[in-house]
Amino acid sequence: MVYDFQVVIDCADPGRLARFWVQALGYAEEPPPSGFDSWEEALTAWKVPESDRNIMASAVPPDFDPEHGVGPRPRLLFMQVPEGKVVKNRVHLDIRAGGDRSTLPGERWEKARARAAELEALGATKLREMDEGFQGRWIVMQDPEGNEFCVT
């Protein structure tokens, strides 16, 4: 049996981090529930206090089915936690920007470097470029809250 899943990321500012990953992955902000024109309208109708309106946010693939809450790629859920990040992630996302294996290695690397520069403009930080010979090349980055991810 195949199970649907989502990736949950702890953070301080779910809305901000969701907006970053929407742009980084070509995802979309999750649409509001049926019957509401916006999340603000839904949260107001549900009487959610202002102080609790940024405790969660989500990013969904462009072909996400909001009625069933599933898509061909995982939903990303950002949840506010009180503590800050202190050590390296145990799980991270890889953004494969360079193309598939039919793309020449030099061309893949230039595409990866170009995407890393775009992500820096969105608020990411480039930590280092890695070249492991036959294992490949990648760029280690951090999102706006310091979570590591790689661009290949």
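Heads up: the structure comes first, above all this text.
Below, the structure is looked at part by part. (Residues numbered from 1 in each chain as written. Predicted model: local features only at pLDDT ≥ 70, side-chain atom pairs only at ≥ 80, totals over all residues. Heavy atoms only, no water.)

## A look at helix α1 (residues 14–25)
The cut-off we apply is this: Segments assigned H or I by DSSP are reported as helices when at least four residues long, segments assigned E as strands when at least two residues long, and all are numbered from the N terminus. Residue count minus one, scaled by 1.5 Å, sets the expected span of a helix. Any residue under 20% of the maximum accessible area for its type is buried, any over 50% is exposed, and the rest in between are partly exposed; the area is computed with a 1.4 Å probe on protein chains only.
The end-to-end C-alpha distance of α1 is 16 Å, a good match for the 16 Å that twelve residues give at a rise of 1.5 Å each. Listing the buried residues of α1 in full gives Pro14, Gly15, Leu17, Ala18, Phe20, Trp21, Val22 and Ala24. Phi for glycine 26, located one or two positions after α1, is positive at around 75°.

## Describing helix α3 (residues 105–121)
One turn of the α-helix equals 3.6 residues, which is why residues spaced by three or four share an orientation. Operational definition: Within this analysis, the arc is defined by the directions that extend from the helix axis to the C-beta atoms. A contact between two residues is defined here by any heavy atoms of the two lying within 4.5 Å.
The end-to-end C-alpha distance of α3 is 25 Å, a good match for the 24 Å that 17 residues give at a rise of 1.5 Å each. For α3, the complete set of buried residues consists of Trp109, Ala112, Arg115, Ala116 and Leu119. All buried residues of α3 fall inside an arc of 130° around its axis, so they share one side. The secondary structure elements touched by the buried residues of α3 are α1, β5 (93–95), β6 (125–131), β7 (137–142) and β8 (148–151). After α3 finishes, the residue glycine 123 shows a positive phi value of roughly 120°.

## Some points on a nonpolar patch on the surface
Our working rule: The patches described consist of residues with a relative accessible area above 30% and no salt bridge, like charges being joined within 9 Å and nonpolar side chains (Val, Leu, Ile, Met, Phe, Trp, Tyr) within 5 Å. Each accessible area is a Shrake-Rupley result for a 1.4 Å probe, and residues are judged covered by the shown protein chains and nothing else. Salt bridge criterion: a side-chain nitrogen from Lys or Arg within 4 Å of a carboxyl oxygen from Asp or Glu.
A cluster of nonpolar residues, Val8, Ile55, Met56 and Met79, forms a patch on the protein surface that exposes about 320 Å² of accessible area. Position of methionine 56 among the secondary structure elements: in strand β3 (residues 56–60).

## With respect to the sheet that holds β3
Selection rule: Paired strands, in this sense, are two strands between which DSSP finds at least two bridges.
Pairing is mixed across the open sheet formed by four strands, whose spatial order is β1-β4-β3-β2. Whereas interior strands pair on both sides, the edge strands pair on one side only; in this sheet they are β1 (6–11) and β2 (28–29). Note that β2 and β3 share two bridges and pair antiparallel. What sits directly across from glutamate 29, in β3, is alanine 59.

## Looking at the layout of surface pockets
To keep it simple, the criterion reads: Buriedness for pockets is judged along seven lines, at least five of which must meet protein on both sides within 12 Å for an open set on the 1 Å grid over protein atoms alone, while cavities are sets there where a 1.4 Å probe fits but cannot get out, and lining residues have an atom within 4 Å of a point. Grid points are joined across faces, edges and corners, and a volume is the space filled by probe spheres set on the points. Residues are grouped as follows: Ala, Val, Leu, Ile, Met, Phe, Trp, Tyr, Cys and Pro are nonpolar; Asp, Glu, Lys and Arg are charged; all remaining types, including Gly, are polar.
Size it by volume and the largest pocket reaches roughly 560 Å³. Those elements that provide at least two residues to the lining of the largest pocket are β1 and β8. Looking at side-chain class alone, the lining of the largest pocket contains 13 nonpolar, four polar and eight charged residues. The space that makes up the second largest pocket amounts to roughly 480 Å³. Forming the walls of the second largest pocket are 18 residues, and the residues nearest its centre are Trp39, Arg53, Met56, Ala57 and Ser58. The class makeup of the residues in the lining of the second largest pocket is eight nonpolar, three polar and seven charged.

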